Amino acid sequence: NDPSSRSLHANWEENRYINGVNWEEEGRSCIGANTQLIRLKLDIREMFVGNANRYQIGNPGVKENFEAFCRGVARNRSIKRLDISMCRCMPKVMEILFPFFVHNPSLTQIVFEHCSMDDSKTAQLLAHALSKRCNMSSMKRVELVACKISEEVSGQLISALKSHTNLVQ
């Protein structure tokens with residue numbers, strides 16, 4: 001909770017996977033309980049292998065530990081900008097982070113970059129989170145950069161974004 005630490009870039013790389021760490025507790029103590037952090041970037045590079053339709057994780061504990069870490073992150077209420085990059089387990093991550101998206105009054109920006117958002121559950125959760133925040137003036141920007149999004153899902157997301165009158169981008 002160091003006041004000089006305002007931003008954190010967390011890389012989740014399979015080749016840097018650490019066993020024996022309680023990642024939910026780490027997420028809760030380092031991020032969830034932090035009141036100084038205003039920007040968090042979760043970068044999930046090189047974690048997944050497989051073809052375009054089915055992702056498998058080479059090291060079975062990596063996905064579970066990333067999800068546990070996200071459960072800790074979901075408790076944070078000071079982060080203004082959340083960036084999620086290279087995530088292909090979006091339905092579960094969206095489900096875990098839903099309380100963060102809905103209950104964090106500080107949140108002004110959400111950026112998804114190179115994420116797989118082509119299933120309807122992800123779109124429904126993001127659309128629901130955005131609709132819950134429609135009356136909150138703090139949300140200013142939602143970016144979907146080079147994400148994999150199906151036609152059906154893109155329609156749901158566009159509807160949700162249109163209903164959010166406070167967005168400037």
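Fair warning: this is a prediction, and the values are worked out from it, not measured in the lab.

*Asks:* Quick one: what's the story with the sheet that holds strand 2 (residues 39-43), residue by residue and with numbers?
*Replies:* Spatial strand order, 1-2-5-6-7: five strands in an open sheet with parallel pairing. Every other strand in the sheet has two partners, leaving strand 1 (7-11) and strand 7 (141-145) as the edge strands with one partner each. Neighbour-to-neighbour, the strand axes of the sheet open up by a mean angle of 5 degrees, direction not taken into account.

*Asks:* I'd like to hear about the packing of helix 4 (residues 120-132) against helix 5 (residues 151-162), residue by residue, with values.
*Replies:* Packing of helix 4 against helix 5 brings their axes to within 9 Å, and their N-to-C directions diverge by 0 degrees. Regarding the angle of helix 4 to helix 5, the classification is roughly parallel. Facing Ser120, Ala123, Gln124, Leu126, Ala127 and Leu130 of helix 4, the residues of helix 5 in contact are Glu152, Val153, Gln156, Leu157, Ala160 and Leu161. Residues belonging to the contact of helix 4 with helix 5 are distributed by class as follows: eight nonpolar, three polar and one charged.

*Asks:* Any details on unusual backbone geometry? Residues and values, ideally.
*Replies:* Phi at His114 is positive, roughly 55 degrees, even though this residue is not glycine. Phi angles above zero are rare outside glycine, and Ala146 is one such case at about 50 degrees.

*Asks:* How would you sum up the pairing of strand 5 (residues 81-85)? Please name residues and give values.
*Replies:* Counting buried residues along strand 5, five of its five residues qualify, which places the element largely inside the surrounding structure. With burial as the criterion, each face of strand 5 is covered, one bearing Arg81, Asp83 and Ser85 and the other bearing Leu82 and Ile84. Pairing of strand 5 with strand 6 (residues 109-113) involves five bridges; the strand directions are parallel. Note that in strand 6 the partner of Leu82 across the bridge is Ile110. One crossover worth recording links strand 5 to the parallel strand 6 by way of helix 3 (residues 90-103), and it is right-handed.

*Asks:* Please set out the environment of Ile110 residue by residue, giving values where relevant.
*Replies:* With respect to the helices and strands, Ile110 occurs in strand 6. Placed 30 residues apart in sequence, Ile110 and Lys140 show a C-alpha to C-alpha distance of 8.9 Å. In contact with Ile110, other than residues within four places in its own chain, are Leu82, Phe101, Met139, Arg141, Val142 and Glu143.

Calculation rules
Residues numbered from 1 in each chain as written. Predicted model: local features only at pLDDT ≥ 70, side-chain atom pairs only at ≥ 80, totals over all residues. Heavy atoms only, no water. Pairing = 2+ DSSP bridges. Helix = DSSP H or I, 4+ residues; strand = E, 2+ residues; numbered from the N terminus. Axes fitted to C-alpha atoms, helices over the stretch in contact; angles between N-to-C directions. Parallel < 35°, antiparallel > 145°, perpendicular 65-115°, else oblique. Contact = heavy atoms within 4.5 Å. Nonpolar A, V, L, I, M, F, W, Y, C, P; charged D, E, K, R; others polar. Buried < 20%, exposed > 50% of the residue type's maximum accessible area, 1.4 Å probe, protein only. Right-handed = clockwise from strand over helix to strand, strands pointing away.

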